[in-house]
Amino acid sequence: MGHKELSFASQAAPALPGDSIDHVDTPALLVDLDAFEDNLTRVHNRVLQAGLKVRSHGKAHKSPAIAHRQLAAGATGICCQKVSEAEIFVQAGIQDILITNQIVGLRKVARVAALAAHAKIAICVDHPLQVEQIGDAASKQGSHLDVLIEVDIGHQRCGISNAHQAIDLARTIEQYSPHLRFAGIHAFRGSAQHMRLPQERAAAVSSAVEKVRGIIRELEASDFHCDIVTGGGTGTYMLEASSSLYTEVQPGSYVLMDTDYAANTPAADSPPLRHALFGLCTVISVQAGHAVLDGGLKAFAVDHGLPRLQLPGWSVQTLSDEHTVIVPEVGAAPVHVGDKVRLIPSHCDPTVNLHDWLIAYRGQTVQEAWPVSARGALF
Ligand code: PLP
Ligand code: MN
């Protein structure tokens, strides 16, 4: 037999429906369905009751299986950060996508315009060149897009900063091509999401709302109507929802959660969301004073700190490419080669991006293996 006919299990999911979670191959990511569904319905219901739309951010999970659950729970559509993510979600049947990003380059805008022939697509701009590129591509393709102007509300990343720029850009969008529609404002501040105290987050959102409100007032005075005002993540969505300015919010991490988000003090009226995402590793070596797990930097992102070990008396000491070294406190119960242990990721988005599968379980039993189809989608 030629080697091309050989097939190995490495492409298969690390567990199948019906398996016990004790038999999931490692390193893996588990999703606790009870916690996931609780987070999903709690956030969606609060936003929908406040009269806004939920447009869940797909960058957190990169998984059409989760996006479909978000839509079933009332989301109006999803956000993507990358064109290649959007392509994968459209392929999976998602019909309404906001790319919360500036798309630059002729190859990329051609792909966005092609996508817009199959689904409702909106993009963000903060410069006339972006408008011209996507306008030309949409005309060539014969497709139509909504265009949002991104306003910088303190993130100091993308986005225009005053009403004068907004009016110029809105005029460019409306005049450049009949294939583009000026649809409103994108205003998201990532750094506000992780401010620890509710009053800090409230102050950040209230100054953002004031700035955006001023810009919208001047746009309207120049006859540019803002249908959509979108932004807000897991840390602030209820603040935008009660702003009477935003029309939709874009939380991403809320369904999975991580230790960085759990470190936020929740607002008095919002109980903390539950950890639904867990890394599962196997103890592959036990030495005097430490033990070693079979997943390291290629299984856990560490930009927001080390993953938190769920093993009483033990903690994570260090991660290398394929290993995590864990150490005991005095008197901790011993671990054994072959034991399985859980870790809570510190940052869900880049951690999920390291895995091909999310293993959804309830109780002790695997229910589904969700492919992380947009994993690695980077351009
Ligand atoms: N919207 C935009 C533009 C983002 O960049 C992000 C994440 O960084 C989100 C929404 C979702 O944020 P979170 O995962 O913190 O809810
Ligand atoms: Mn994140």
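Residues numbered from 1 in each chain as written. Chains lettered and ligands numbered in written order. Predicted model: local features only at pLDDT ≥ 70, side-chain atom pairs only at ≥ 80, totals over all residues. Heavy atoms only, no water.

- The name given to the protein chain in an unreviewed UniProt entry is DSD1 family PLP-dependent enzyme, with the source organism recorded as Herminiimonas contaminans.
- Quoted straight from UniProt, the Sequence similarities (unreviewed entry) entry for the protein chain says "Belongs to the DSD1 family." (UniProt positions renumbered as here; feature names shortened; annotations may be inferred.)

1. Things to note about the coordination of the manganese ion (ligand 2)
Link 1 in the chain: Coordination of the manganese ion (ligand 2) by the protein is provided by H347 (NE2) and D349 (OD), with metal-donor distances spanning 2.3 to 2.5 Å.
Link 2 in the chain: According to the relative accessible area criterion, H347 is buried, its value standing at 14%.
Link 3 in the chain: For D349, a relative accessible area of 10% puts it in the buried group. (Donors = N, O, S within 2.8 Å, 3.2 Å for Na, K, Ca; no water. Buried < 20%, exposed > 50% of the residue type's maximum accessible area, 1.4 Å probe, protein only.)

2. Here's the deal with the side chain of Q102
Link 1 in the chain: As for its position among the elements, Q102 is in strand β4 (residues 96-102).
Link 2 in the chain: Here E150 takes part through its side chain, which lies 3.1 Å from a polar atom of the side chain of Q102.
Link 3 in the chain: Residues in contact with Q102, not counting those within four places in the same chain, are C124, V125, D126, Q130, E150 and C158. (Helix = DSSP H or I, 4+ residues; strand = E, 2+ residues; numbered from the N terminus. Polar contact = N/O pair within 3.5 Å; in protein donor to acceptor, adjacent residues only side chain to side chain. Contact = heavy atoms within 4.5 Å.)

3. What about the site of ligand 1?
Link 1 in the chain: Taken together, 14 residues lie near ligand 1, and K59, T234, Q250, S253 and Y261 sit nearest.
Link 2 in the chain: A distance of 2.8 Å is found between an oxygen atom of ligand 1 and a side-chain nitrogen or oxygen belonging to K59.
Link 3 in the chain: Here T234 contributes a side-chain N or O atom positioned 2.6 Å from an oxygen atom of ligand 1.
Link 4 in the chain: Among the residues making up the shell around ligand 1, the classes are represented as 3 nonpolar, 9 polar and 2 charged. (Near = heavy atom within 4 Å. Nonpolar A, V, L, I, M, F, W, Y, C, P; charged D, E, K, R; others polar.)

4. Quick look at the environment of T236
Link 1 in the chain: One can find T236 in the loop between β8 (228-231) and α9 (237-241).
Link 2 in the chain: Placed 140 residues apart in sequence, T236 and G376 show a C-alpha to C-alpha distance of 27 Å.
Link 3 in the chain: The residues contacting T236, other than those within four sequence positions of it, are A192, Q193, R201 and V205.

5. What to know about the sheet that holds β8
Backbone-to-backbone hydrogen bonds join strands into a sheet, with any given pair of strands oriented parallel or antiparallel.
Link 1 in the chain: Within the closed barrel, the 8 strands sit side by side as β2-β3-β4-β5-β6-β7-β8-β9. Their pairing is parallel.
Link 2 in the chain: Together, β4, β5 (120-125), β6 (145-150) and β7 (180-186) form the strand contacts of helix α5 (residues 128-141), whose direction differs from that of β7 by roughly 140°. (Pairing = 2+ DSSP bridges. Axes fitted to C-alpha atoms, helices over the stretch in contact; angles between N-to-C directions.)

6. Examining the pattern of salt bridges
Link 1 in the chain: Inspection of the entire model under this criterion finds 18 salt bridges.
Link 2 in the chain: A salt bridge links K298 to E322, with the shortest nitrogen-to-oxygen separation between them at 3.1 Å. With a gap of 24 residues between them, K298 in the loop between β11 (290-293) and β12 (308-309) and E322 in the loop between β13 (314-319) and β14 (324-328) connect regions that are remote in the sequence.
Link 3 in the chain: For K298, a relative accessible area of 48% translates into the label partly exposed.
Link 4 in the chain: The partner of D356 in a salt bridge is R375, and the shortest N-O contact between them spans 2.6 Å. Here the residue D356 occupies a position in the loop between α11 (348-352) and β16 (357-362), and R375 occupies one in the segment after β17 (365-371), the gap between them amounting to 19 residues.
Link 5 in the chain: Three or more residues are tied together by salt bridges with common partners; here these are K120, D146, R181 and D227. (Salt bridge = Lys/Arg side-chain N within 4 Å of Asp/Glu carboxyl O.)

7. Considerations on the nonpolar core
Link 1 in the chain: If you look at the biggest cluster of nonpolar residues, it comprises 85 residues, and the most contacted ones within it are F36, I97, I121, I185 and L219.
Link 2 in the chain: In terms of residue count, helix α8 (residues 198-221) provides more of this core than any other element does, 7 residues in total.
Link 3 in the chain: In this structure, this core is formed jointly by two domains, domain 1 (21-30 + 273-371) and domain 2 (95-251), each of which donates at least three residues.
Link 4 in the chain: If near-sequence neighbours (up to four positions away) are discounted, I185 is found in contact with L148, I149, V151, V212, I216, L219, C226, I228, V229 and T230. (Core = buried A, V, L, I, M, F, W, Y, C linked by side-chain atoms within 4.5 Å. Domains from an automatic or database assignment.)

8. With respect to the packing of aromatic side chains
Link 1 in the chain: Counted according to the given criterion, the structure contains 2 aromatic pairs.
Link 2 in the chain: Centroid distance F36 to W370: 5.5 Å. Interplanar angle 55°. Geometry classified as tilted. Of this pair, F36 sits in helix α1 (residues 33-49) while W370 is found in strand β17, placing the two residues 334 residues apart along the sequence. The two residues F36 and W370 agree in class, both being buried.
Link 3 in the chain: One residue, R342, lies across the ring of F278, its end atom 4.9 Å from the ring centre. (Phe/Tyr/Trp six-rings, centres within 6.5 Å; stacked < 30°, edge-to-face > 60°. Lys NZ or Arg CZ within 6 Å of the ring centre and 35° of its normal.)

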